[in-house]
2 protein chains.
Amino acid sequence: MRASRPAVHPVEAPPAVAAQAQEQAQAQGHGEGEGVAHPRGVRMKDPPGAPGTPAGLGLRLAQAFFAAAALAVMASTNDFPSVSAFSYLVAAAILQCLWSLSLAFVDIYALLVKRSLRNAQAVCIFTIGDGITGTLTLGAACASAGITVLIGNDLNICAENHCASFETATAMAFISWFALAPSCILNFWSMASR
Amino acid sequence: MRASRPAVHPVEAPPAVAAQAQEQAQAQGHGEGEGVAHPRGVRMKDPPGAPGTPAGLGLRLAQAFFAAAALAVMASTNDFPSVSAFSYLVAAAILQCLWSLSLAFVDIYALLVKRSLRNAQAVCIFTIGDGITGTLTLGAACASAGITVLIGNDLNICAENHCASFETATAMAFISWFALAPSCILNFWSMASR
């Protein structure tokens, strides 16, 4: 008999490329089931400056460097503890330096093992930390700037004070804040847009 | 002949509710074709505190009130122009007051005509303006706080200065900044999440 019957096709093995891409997505995704849900090949790239990218690492190193510079310049004057704002600048610079350095190490680790840091909880922690340290650094820089301008321009007693050191430390703190702002904005953006 | 033929069904008119919802979405949407693309009944509500909501209007009025209070208290002392930081606080408070008042008027208009302010360009302008005025107000408040602490705690010359007025003005500026922060964060969030 030659009656028609359903043809049996062997189940094709999925192409190797797809399996590889899915494995990569799983390895990089971290979020539970996040990598699997994405269609293969449509993985969003991290914007430059985000955590886990070389630009992000550069921003963190710049923040830490300028905070350390502000700290060093301010601590090199012998009379900074007599003014509360300058002591506060030293404290804020230490905090900023520690925070930026620790995030720089996280970035270096992520770059070395080629992992993405687009985890929701990690981005949330980075954003809140950036916001707090940024506010503290900006406040300390502005307070020091107010005192420096008072000493230098309003009272004209620069001769008996280390005006140049105070101004340099304030400027370094401001530059550190300017390097922190893009990190904070990028982190907040990627937290809100997920 | 009774051969089968395609049955002709009359085209049903869309129910009145759908048309009404679409009209509302178009009236509230502002964005070109935004309201039309939404499925009916799935219009997102503005979070409390966003522009165009009563809570947002309250935040704006609080910002303007406390900035005006800082301005009035600082201007009531006769020697504030001798310190640059205090003059800067007055300037920042004026800017903050004008910005918050103008956005309060926009909110009142939006509430009166029941329009939503979820326009992409409007939210972008609000966010940038909030960010700039917030940074300036925080900077001015921190600079004034630095000077006030210097006068009151470090030098102990409160007897010959209006320490109470300076401290009150600084506190008002800080409160104004605290009222500005939620507006700025909400605007940035709704800008990033669209």
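- The name recorded for chain A in an unreviewed UniProt entry is CASP-like protein, from Panicum virgatum.
- If you open the UniProt record of chain A and go to Subunit (unreviewed entry), you find "Homodimer and heterodimers."
- Quoted verbatim from the Subcellular location (unreviewed entry) heading of the UniProt record, the comment on chain A is "Cell membrane".

1. Here we look at the nonpolar core
Turning to step 1, where the next piece is worked out: The biggest cluster of nonpolar side chains holds 40 residues, and the ones touching the most others in it are Met74, Phe86 and Ile147 of chain A together with Met74, Phe86 and Ile147 of chain B.
Turning to step 2, where the next piece is worked out: Among the elements of the structure, helix 3 (54-76), helix 4 (84-112), helix 5 (120-154) and helix 6 (163-192) of chain A together with helix 3 (54-76), helix 4 (84-112), helix 5 (120-154) and helix 6 (163-192) of chain B are those that each provide at least two residues to this core.
Turning to step 3, where the next piece is worked out: With residues up to four places along the chain from it excluded, the contact list for Met74 of chain A reads Phe80, Phe86, Leu89, Val90, Phe166 and Ala169 of chain A.

2. Re the UniProt feature "domain: Casparian strip membrane protein" (unreviewed entry) in chain A
Turning to step 1, where the next piece is worked out: Taken from the UniProt record, the annotation "domain: Casparian strip membrane protein" (unreviewed entry) applies to residues 51-179 of chain A.
Turning to step 2, where the next piece is worked out: Between the C-alpha atoms that bound residues 51-179 of chain A the distance is 14 Å, and the span itself is 81% helix and 0% strand.

3. Re the relation of the copies chain B and chain A
Turning to step 1, where the next piece is worked out: Screw-axis analysis of chain B against chain A gives a translation of 0.0 Å along the axis, an RMSD of 0.0 Å, and a rotation angle of 180°. Here the copies are linked by what is in effect a two-fold axis.
Turning to step 2, where the next piece is worked out: Take the interface residues of chain B: 100% of them recur as interface residues in chain A, which is what a same-surface contact looks like.

4. Some thoughts on the UniProt feature "transmembrane region" (unreviewed entry) in chain A
All names here are of chain A.
Turning to step 1, where the next piece is worked out: Under the UniProt annotation, the feature "transmembrane region" (unreviewed entry) is placed at residues 57-76, 88-112, 124-151 and 171-189.
Turning to step 2, where the next piece is worked out: For residues 88-112, helix accounts for 100% and strand for 0%, while the C-alpha atoms at its two ends are 36 Å apart.
Turning to step 3, where the next piece is worked out: Secondary structure within residues 171-189 divides into 100% helix and 0% strand; the distance between the first and last C-alpha atoms comes to 27 Å.

5. Looking at the packing of helix 3 of chain A against helix 4 of chain A
Residue and element names in this part refer to chain A.
Turning to step 1, where the next piece is worked out: Viewed as axis vectors pointing N to C, helix 3 and helix 4 meet at an angle of 155°, and their least axial separation amounts to 8 Å. Our classification of the angle between helix 3 and helix 4 gives roughly antiparallel. Taken as a pair, helix 3 and helix 4 cross one another with a handedness that is left-handed.
Turning to step 2, where the next piece is worked out: Residues belonging to the contact of helix 3 with helix 4 are distributed by class as follows: 20 nonpolar, 4 polar and 2 charged.

6. Regarding the environment of Ala64 of chain A
Residue and element names in this part refer to chain A.
Turning to step 1, where the next piece is worked out: Its location among the elements puts Ala64 in helix 3.
Turning to step 2, where the next piece is worked out: As a C-alpha pair, Ala64 and Ser144 span 80 residues in sequence and 19 Å in three-dimensional space.
Turning to step 3, where the next piece is worked out: For Ala64, the residues in contact, after removing those within four places along its chain, are Cys97, Ser100 and Leu101.

7. Some points on the interface of chain B and chain A
Turning to step 1, where the next piece is worked out: Chain B puts 21 residues into the contact, and the matching count from chain A is 21 residues.
Turning to step 2, where the next piece is worked out: Looking at the side of chain B facing chain A, the largest losses of area belong to Phe188, Trp189 and Ala192 of chain B, adding up to 27% of the total buried there.
Turning to step 3, where the next piece is worked out: Where chain B meets chain A, there are 2 residue pairs in polar contact (both at pLDDT 80 or more).
Turning to step 4, where the next piece is worked out: For the side of chain B that touches chain A, the secondary structure elements donating two or more residues are helix 4, helix 5 and helix 6 of chain B.
Turning to step 5, where the next piece is worked out: Taken together, the residues of the side of chain B that touches chain A sort by class into 14 nonpolar, 6 polar and 1 charged.

8. Remarks on the state of the cysteines
Turning to step 1, where the next piece is worked out: Evaluated as defined, the whole model comprises 2 disulfides over all chains.
Turning to step 2, where the next piece is worked out: Through a disulfide, Cys158 of chain A is tied to Cys163 of chain A; the S-S separation comes to 2.0 Å. Here the disulfide of Cys158 of chain A and Cys163 of chain A is left-handed, its torsion about the S-S bond being about -100°.
Turning to step 3, where the next piece is worked out: For the unlinked cysteine Cys97 of chain A, the closest cysteine sulfur is that of Cys184 of chain A, found at 18 Å.
Turning to step 4, where the next piece is worked out: In this structure Cys124 of chain B is not part of a disulfide, and its nearest cysteine sulfur, from Cys184 of chain B, lies 12 Å away.
Turning to step 5, where the next piece is worked out: The class for Cys124 of chain B is partly exposed, based on a relative accessible area of 30%.

9. Observations concerning the confidence of the model for chain A
Residue and element names in this part refer to chain A.
Turning to step 1, where the next piece is worked out: When pLDDT is averaged along chain A, the result is 80; 77% of the residues meet or exceed 70.
Turning to step 2, where the next piece is worked out: With pLDDT under 50 throughout, residues 14-43 is counted as low confidence; its partners more than four residues away or in other chains account for 16 contacts.
Turning to step 3, where the next piece is worked out: In the predicted assembly, ipTM is 0.73 and pTM is 0.75.

10. Observations regarding a nonpolar patch on the surface
Turning to step 1, where the next piece is worked out: Taken together, the side chains of Leu61, Leu101, Phe105, Ile108, Tyr109, Leu112 and Val113 of chain A present a nonpolar region at the surface, about 690 Å² in accessible area.
Turning to step 2, where the next piece is worked out: You can see Leu101 of chain A is positioned in helix 4.

Calculation notes
Residues numbered from 1 in each chain as written. Chains lettered and ligands numbered in written order. Predicted model: local features only at pLDDT ≥ 70, side-chain atom pairs only at ≥ 80, totals over all residues. Heavy atoms only, no water. UniProt positions renumbered as here; feature names shortened; annotations may be inferred. Core = buried A, V, L, I, M, F, W, Y, C linked by side-chain atoms within 4.5 Å. Buried < 20%, exposed > 50% of the residue type's maximum accessible area, 1.4 Å probe, protein only. Helix = DSSP H or I, 4+ residues; strand = E, 2+ residues; numbered from the N terminus. Contact = heavy atoms within 4.5 Å. Least-squares fit on C-alpha atoms with pLDDT ≥ 70 in both. Axes fitted to C-alpha atoms, helices over the stretch in contact; angles between N-to-C directions. Parallel < 35°, antiparallel > 145°, perpendicular 65-115°, else oblique. Left-handed = near helix turned anticlockwise from the far one by under 90°. Nonpolar A, V, L, I, M, F, W, Y, C, P; charged D, E, K, R; others polar. Buried area = accessible area lost by both parts, 1.4 Å probe. Polar contact = N/O pair within 3.5 Å; in protein donor to acceptor, adjacent residues only side chain to side chain. Disulfide = S-S within 2.5 Å. pLDDT = per-residue confidence, 0-100. Patch = residues over 30% accessible without salt bridge, like charges linked within 9 Å, V, L, I, M, F, W, Y side chains within 5 Å. Areas by Shrake-Rupley, 256 points an atom, 1.4 Å probe, with all protein chains shown as cover. Salt bridge = Lys/Arg side-chain N within 4 Å of Asp/Glu carboxyl O.

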